[in-house]
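Per-entry structural report
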Amino acid sequence: MTVKIIDKKSPDALIIPLLQDDSLPGLLADIAARAGTDASCLQRDFLAEQKEVFVLYASGSPVIRFYLLGLGKKNGFAEMLVATRSFSHRYKAKLPLKTGLDLRHFSNADLARLTDAAVTGISLGLYKMGKFRTEKNEKPAPLFGSGKSELQIMAPPGTNAQTLAAARRGEVFAAVTQQIMDLMNAPGNRKTPDMVADWIKNAGEESGFNVKVLGKEDIISEGLDALFAVGKGSPHPPALVLLDYTPVTRTKKTPFVGLVGKGVTFDTGGVSLKPSSNMHLMKSDMGGAAAVLGVFIVAASLQLPVRLTGAIPLAENMVDGLSIKPGDVIGSYAGKTIEVTDTDAEGRLILADALAYLLKKERPDALIDVATLTGSIIRAIGYFAAGMFTQNDELAEKLARSGSNCGERLWRMPMWDEYGTDLKSDVADLRNFTGKPMAESISAAKFIEHFTDKHPAWAHLDIAGTAFGDSEFAQGKSATGFGIRLLTEFVEEMIKTPMRH
Ligand code: BES
Ligand code: MN
Ligand code: ZN
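Residues numbered from 1 in each chain as written. Chains lettered and ligands numbered in written order. Predicted model: local features only at pLDDT ≥ 70, side-chain atom pairs only at ≥ 80, totals over all residues. Heavy atoms only, no water.

**Some remarks on the site of ligand 1**
What surrounds ligand 1 is a group of 17 residues, the closest being Lys274, Asp285, Asp344, Glu346 and Gly375. In the environment of ligand 1, an oxygen atom lies 3.2 Å from a nitrogen or oxygen atom belonging to the side chain of Lys262. One of the backbone nitrogen or oxygen atoms of Gly375 is found 2.6 Å away from an oxygen atom of ligand 1. Protein coverage of the free-state accessible area of ligand 1, which is 520 Å², stands at 84%. The residue inventory of the shell around ligand 1, partitioned by class, reads five nonpolar, three polar and nine charged. (Near = heavy atom within 4 Å. Polar contact = N/O pair within 3.5 Å; in protein donor to acceptor, adjacent residues only side chain to side chain. Areas by Shrake-Rupley, 256 points an atom, 1.4 Å probe, with all protein chains shown as cover. Nonpolar A, V, L, I, M, F, W, Y, C, P; charged D, E, K, R; others polar.)

**Quick notes on the packing of helix 3 (residues 77-91) against helix 4 (residues 108-124)**
Each pair of packed helices gets described by two things: the angle between the helix axes and the distance between those axes. As a packed pair, helix 3 and helix 4 sit with axes 7 Å apart at the nearest point and diverge in direction by 30°. Looking at the two axes, helix 3 sits roughly parallel to helix 4. For the element pair helix 3 and helix 4, the recorded crossing hand is right-handed. On helix 4, the residues that touch Phe77, Met80, Leu81, Thr84, Arg85 and Ser88 of helix 3 are Arg113, Leu114, Asp116, Ala117, Ala118, Thr120, Gly121, Ile122 and Leu124. Taken together, the residues of the contact of helix 3 with helix 4 break down into eight nonpolar, four polar and three charged. (Axes fitted to C-alpha atoms, helices over the stretch in contact; angles between N-to-C directions. Helix = DSSP H or I, 4+ residues; strand = E, 2+ residues; numbered from the N terminus. Parallel < 35°, antiparallel > 145°, perpendicular 65-115°, else oblique. Left-handed = near helix turned anticlockwise from the far one by under 90°. Contact = heavy atoms within 4.5 Å.)

**A closer look at the sheet that holds strand 2 (residues 13-18)**
Pairing is mixed across the open sheet formed by six strands, whose spatial order is 1-6-5-2-4-3. Either end of the sheet is taken by a strand with one partner, and the two such strands are strand 1 (2-5) and strand 3 (53-57). Going from strand to strand, the sheet's axes swing by 25° on average, the running direction of each strand aside. Sheet analysis places strand 5 (residues 98-102) next to strand 6 (residues 150-154), joined by five bridges and oriented parallel. Of the residues in strand 6, the one forming a bridge with Thr99 is Leu151. Packing against the sheet, helix 1 (residues 24-35) makes contact with strand 2, strand 3, strand 4 (65-70) and strand 5, and its axis sits at approximately 165° to strand 2. (Pairing = 2+ DSSP bridges.)

Right under this line is the structure:
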């Protein structure tokens, strides 16, 4: 699908997103007149509820089909994204090769954001899962979404350049999100640590950021003992992938952000084995890694004026004679010893080493780790927000705002030291699990905090409930792409109003 701005010529079909507000009756009257139909009937039958679709055929007009698409009451980014994505998913088979999107009735202040959201939404609605199906030919193959198809945007007068730039941004986010969803939806046997490392290397070459991979021998020689311990039970050795994006425009003032993402390519729980019923979903335990990779690709594609450093620890948490056992004491890159009281609390171990390693080499202005870390965050706040853990109020505010602006919500959790007291071990410096079935997402954050070298602007995001979920787009749970937009917009926030210490 390519995106164009058109001025005069009318496309064969036109999507018209409409808000449920005071302007609706007037806009519907105009549309009714264009279609040569009765305004009052249309006003009665189309209410512009979120995701509502009303198809109108215009006999006399050059436009054959109008798709009225309800946005609900709020003209926010998230509302436009949700409605357009749902629409294009449901109607893709019916849309002609050239489909228009009429945005002429939106105010200039909202236009760029809404264009970005609509292009992302329409394009994501075309996403095809089933990468590993042998039956490739869908019948009938949707025209819209094929290589030759066009989304033709109609923008208010004098806004073409601005609208086109916003549309390009929407396309970049959609393309990157689809690639990241492919990685997330891939099964464990098609994305072992070395395969994911290769995936990241290729992405770096294609989009323009540096990638360095530390393999098994490097992990041993560098003393990344905690990462090594988690990967020990697997024939596919762990890896630590280091990413660096430096913009060509770099100056002393360029902000610098560090990103770390949990990349457990499959989590059986290890010897502290998980129940089998939902274990297949644990192919998604690299959602943090996927989000971090997504941010690097977007930043490089959009040439954002920010420096990014990243660390992605990759490991497969397996059950084997060589696996770590409950009670084992392991070392870590930071030098602290850890009693592994639960091998299923593996994410915090690999994050500990990745964070400590990154901080040994770099000192970013802000450091964020993202991880599908605990079932506990789902029990606490469910599937509609990710947990945010930080002691830095300014950072919390920036992250929360970035999240609510794009519909990837964050909810701040407490970080009081009392939550970390049960991490004391009798035999080592720390243990990885408190042994108590309460506030586990918070004690996990307190564990990780020990490895952040007192960095004043560190935040941990627990995306266990938001990275992989139920939706109208798939049969079972599938990738959401959560974190890519949120973290990119956070990075842009850092560009606008930097944070320095
Ligand atoms: N990967 C899981 C967390 C998870 C659970 C992610 C559900 C997505 C959906 C993590 O490694 C894990 O097993 N956490 C344990 C921690 C416990 C042993 C302290 C958990 O949440 O039960
Ligand atoms: Mn686990
Ligand atoms: Zn895990």
